[in-house]
Amino acid sequence: MIKNKSSLFTLIALLLPLFAAMMSSSCSKSKSYAELLNDESYAVNSFLANYRVINSIPSDTVFEVGENAPYYRLNDEGTLYMQVLDPGTRTDKAVYDELIYFRFMRTNLSELWKTGEAIPEGNDVDMSIEPTSFRYQNFTMSSYTTYGTGIQEPLKYLGIDCRVNLVVKSQLGLTSEISAVVPFLYNLRYFRAQT
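Conventions adopted
- The residue numbering used here restarts from 1 in each chain and proceeds along that chain's sequence as written.
- Selection of residues for local features in this predicted model requires a pLDDT of at least 70, selection of side-chain atom pairs for listing and counting requires 80 or more, and totals for whole chains, interfaces and linings are taken over all residues.
- The basis for every side-chain value is the complete set of non-hydrogen atoms in the structure, without hydrogens or water.
- Numbering of helices and strands runs from the N terminus, with a helix taken as a DSSP run of H or I at least four residues long and a strand as a DSSP run of E at least two residues long.
- A 1.4 Å probe rolled over the protein chains alone gives each residue an accessible area, and that area as a share of the maximum for its type sets the label: buried under 20%, exposed over 50%, partly exposed in between.
- Every residue pair with non-hydrogen atoms within 4.5 Å of one another is taken to be in contact.
- A 1.4 Å probe and the Shrake-Rupley method give the accessible areas. Residues count as covered only by the protein chains that appear here.
- Basic side-chain nitrogens of Lys or Arg form a salt bridge, by our definition, when they fall within 4 Å of a carboxyl oxygen of Asp or Glu.
- By this rule the span expected of a helix is its residue count minus one, scaled by 1.5 Å.
- This arc is taken over the directions from the axis of the helix to the C-beta atoms.

1. A closer look at the overall build of the protein
Thinking step 1. Helix and strand content of the protein: four helices and eight strands.
Thinking step 2. Going residue by residue from the N terminus, the α and β elements of the protein occur as α-α-β-β-β-β-α-β-β-α-β-β.
Thinking step 3. When burial is assessed residue by residue, the protein has 39% of its 195 residues classed as buried.
Thinking step 4. A sequence separation of at least 24 residues applies to 60% of the contacts in the protein between residues at least 6 apart.
Thinking step 5. Here the protein displays about 11,500 Å² of accessible surface, and carbon together with sulfur accounts for 57% of that area.

Pasting the structure below:
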């Protein structure tokens, strides 16, 4: 038991640096996966707050089109949202295992949320960079998961020559980046190999 006020102040003075050291070490630890997922949701919601969002796909799959079109939620989990810039040719759909090329630019939505700006990166502005590709809906091919499953979803509804903006949460993004829990906004355009 502390006998007087000066002993109490001495004890506090000795424990205060220890408490401060404990607090700083606990703050420097990395975030938990749950906290990263929470931050990802904030980043996506912050971006989508600037747009109309429709929580379902039109029953006739005729989407509003253009820069002012809404973002459509493509799945129940809310991990994928699509804005249709150009629907392409409705009758020209991808078929199973078809080789589909795509060009993209992507913007880190977490960075945009935290700093207010983010520089898009990708292969769409430099034509000297080869386009990337996947085999449509072929789950056995490594390309199906390499680029994430999200980028193939627009082709379920649109023609191969479509162009979309696609918000992709980490679970449906690049396999190598899933654990980083970073959502991206992709600007995508698809096409077949020229024959």
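2. Thoughts on unusual backbone geometry
Thinking step 1. Phi at T61 takes a positive value of approximately 55°, unusual for a residue other than glycine.
Thinking step 2. Counting through the fold element by element, T61 comes out in the loop between β1 (53–54) and β2 (71–73).
Thinking step 3. Its relative accessible area of 23% is what places T61 among the partly exposed residues.
Thinking step 4. For D97, which is not a glycine, the phi torsion comes out positive at approximately 70°.

3. Thoughts on the pattern of salt bridges
Thinking step 1. Overall, the coordinates contain eight salt bridges when judged by the stated rule.
Thinking step 2. A salt bridge links D39 to K31; the nearest nitrogen and oxygen atoms lie 2.4 Å apart.
Thinking step 3. With relative accessibility at 15%, the residue D39 sits in the buried group.
Thinking step 4. In this structure, E64 engages R52 in a salt bridge whose closest nitrogen and oxygen atoms are separated by 2.7 Å. Here E64 is found in the loop between β1 and β2, whereas its partner R52 is found in the loop between α2 (33–48) and β1, with 12 residues between them in sequence.
Thinking step 5. The exposure class assigned to E64 is partly exposed, which follows from its relative accessible area of 36%.
Thinking step 6. For R52, a relative accessible area of 43% gives the class partly exposed.
Thinking step 7. Three or more residues are tied together by salt bridges with common partners; here these are D92, E98 and R192.

4. What to know about α2
Thinking step 1. Over its 16 residues, α2 runs 22 Å from end to end, which matches the ideal 22 Å to within 8%, given 1.5 Å per residue.
Thinking step 2. By the burial criterion, the buried members of α2 are D39, E40, A43, V44, F47 and L48. Along the long axis of α2, the arc covered by the buried residues comes to 170°, so they all point the same way.
Thinking step 3. Where α2 is buried, its residues contact β1, β2, β3 (80–86), α3 (109–115), β7 (163–168) and β8 (184–191).

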